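One letter stands for each residue in the lines below.
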Amino acid sequence: AFDGLKAARADPIADRSPHIRPPSALSLHLALYQIVYRTDPRDRILLHNCPVTAGASVRTHPPLPPSTHCNHSRITPRILKNMAFPRLKRAYLALLAAFVVGNSDDAAAFVSAQGEEDAYNLRVMFVNEFPDATIDLYWENHAYAADHPDRRVLEARIPPRGGWHASETFVGHEFSYDLDGKRHYILQRKPKAHVQQQFHVLAGDDHGIHVRCTLEREPESLVGLASPHLDIMVRPSWAPRGASRFLELVREKYYDGVALNRVVPGFLTQFGIARDPEQRRRWDEKPIADDAETRKFVPGHFSFAGSDVDSRTTEVFVVMPGTDREQLDYFGTESWETPFATLAAPAEMSVLTKIYDGYGDMEPWGEGPDPDKIYDVDGYTKYLPENFPKLDYIGRCFIMDEEGAGDLSVEL
């Protein structure tokens, strides 16, 4: 950085060109521009807001894009305001420390802006939940015209079935991806939740991801049922973290063989304590953050259960048919209760109406299974079969579009 600065200060062209502003600001800009072009190309957008005036004879490589609306003497706060990456800020501050800037307002803006970093910077996670489509994610640079080669820069290639990419950006920036000839744009907004990270599931128009959970014991009568299975449409746009976690657990076969351990007519059915003690211990140590958005519950909606902020792990519940309006309005009053999926058919036509509900709620509201005892090592081998022999169990859960498609080798 210092070598580049010295070279810029010593460049005699700066004294010859009538188009160049005073060298104090210009030299700082040129030095940092050269540094950035040796780093990630995504960062270039941060400096193109105020390039060298068109026609100025300044030796730079690659060439600076032309502009006719720029005041180089005010470049510092203008660039810093949109600066998204801490390493660029540190580089700029290092140059300032080594360079005497004649504008005290610029220096003061730099100092005050250090405390505003969290207001502009965002961590963002992208997850690809498609069964077989690799997604090319692009960094949109609106400082360029639509036909400019740097207007849209490839950020990452994200593999399917839970492949992910993490990045840093800033509020107001856009990413995009193309799916089946249609481009989808993702605008980064200020997070509403307490977690300063955006979480996006790349799901196109989000018509739903179909998950089927079979029952170990199919109903004796199928009269009035749309299906003998739990057919679930996962909706990532409703609750991206919850939807992604559920799909991840389905792919891990976590729900295969689990008990429908809490069945209360007119209220809910709850499940999600794995049959394998080691599997449930491992996932119980991986809670996810709450989703920022919520929506009104209706019968057939699925949500994770929880006990506190950011406590969701594996247990989910589905709202039963016949649940009254007062209870429906009460669902969602806790931050972790956010619908992430719904039954494919109306709840009153689903297999929920056929599962065994004779044990009622868990204590102290009923005589149903105690979740703490299910979590014991012998929860499935002794406690449940000896005390609750009529419970229904899930056979297996799978994503319909991935069934029979074979395993994909995903390298992250």
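Residues numbered from 1 in each chain as written. Predicted model: local features only at pLDDT ≥ 70, side-chain atom pairs only at ≥ 80, totals over all residues. Heavy atoms only, no water.

> Before we go on, may I ask you to explain the overall build of the chain in this structure?
Helix and strand counts for the chain stand at twelve helices and 15 strands. Split into buried and exposed, the 412 residues of the chain put 50% on the buried side. Counting only contacts in the chain whose residues sit at least 6 apart along the sequence, the fraction spanning at least 24 positions is 69%. In the form shown here, the chain has an accessible surface area of approximately 20100 Å², with 49% of it arising from carbon and sulfur atoms. (Helix = DSSP H or I, 4+ residues; strand = E, 2+ residues; numbered from the N terminus. Buried < 20%, exposed > 50% of the residue type's maximum accessible area, 1.4 Å probe, protein only. Contact = heavy atoms within 4.5 Å. Areas by Shrake-Rupley, 256 points an atom, 1.4 Å probe, with all protein chains shown as cover.)

> Before we go on, may I ask you to explain the confidence of the model for the chain in this structure?
Any segment with low pLDDT has predicted coordinates that should not be analysed in fine detail. Of all residues in the chain, 68% attain a pLDDT of 70 or more, and the chain-wide mean is 77. Overall, residues 100-119 carries pLDDT values under 50, and its contacts beyond four positions in sequence, including any with other chains, amount to 23 contacts. The low-confidence segment residues 406-412 (pLDDT under 50) makes eleven contacts with residues lying over four places distant or belonging to another chain. (pLDDT = per-residue confidence, 0-100.)

> Would you mind going over the pattern of salt bridges with me for this structure?
Side chains that differ in sign of charge can pair as their charged atoms come close. Across all of its chains, the model carries 18 salt bridges by this definition. In this structure, the salt-bridge partner of Arg 245 is Glu 248, at a minimum N-O distance of 3.6 Å. Taken together, the positions of Arg 245 and Glu 248, both in helix α8 (residues 240-251) and three residues apart, correspond to about one turn of that helix. Look at Glu 248 and you get partly exposed, because its relative accessible area is 37%. Where Asp 361 meets Arg 262, a salt bridge forms, and the shortest distance between an N and an O atom there is 2.6 Å. Here Asp 361 is found in the loop between β14 (339-343) and α11 (371-374), whereas its partner Arg 262 is found in strand β10 (residues 262-264), with 99 residues between them in sequence. (Salt bridge = Lys/Arg side-chain N within 4 Å of Asp/Glu carboxyl O.)

> I keep staring at the sheet that holds strand β1 (residues 121-128) and nothing clicks. Help me out?
The strands making up a sheet associate through hydrogen bonds between their backbones, and the pairing can be parallel or antiparallel. Taken in spatial order, the three strands line up as β4-β1-β7 in an open sheet, and their pairing is mixed. In this open sheet, the two strands that pair with only one neighbour each are β4 (163-170) and β7 (197-202). Pairwise comparison of adjacent strand axes, ignoring direction, gives a mean angle of 20° for this sheet. Taken together, the six bridges between β1 and β7 define a ladder with parallel strand orientation. Looking across to β7, one finds that Phe 126 is bridged to His 200. Sitting on the sheet, α8 is in contact with β1 and β7, with an inclination near 55° to β7. (Pairing = 2+ DSSP bridges. Axes fitted to C-alpha atoms, helices over the stretch in contact; angles between N-to-C directions.)

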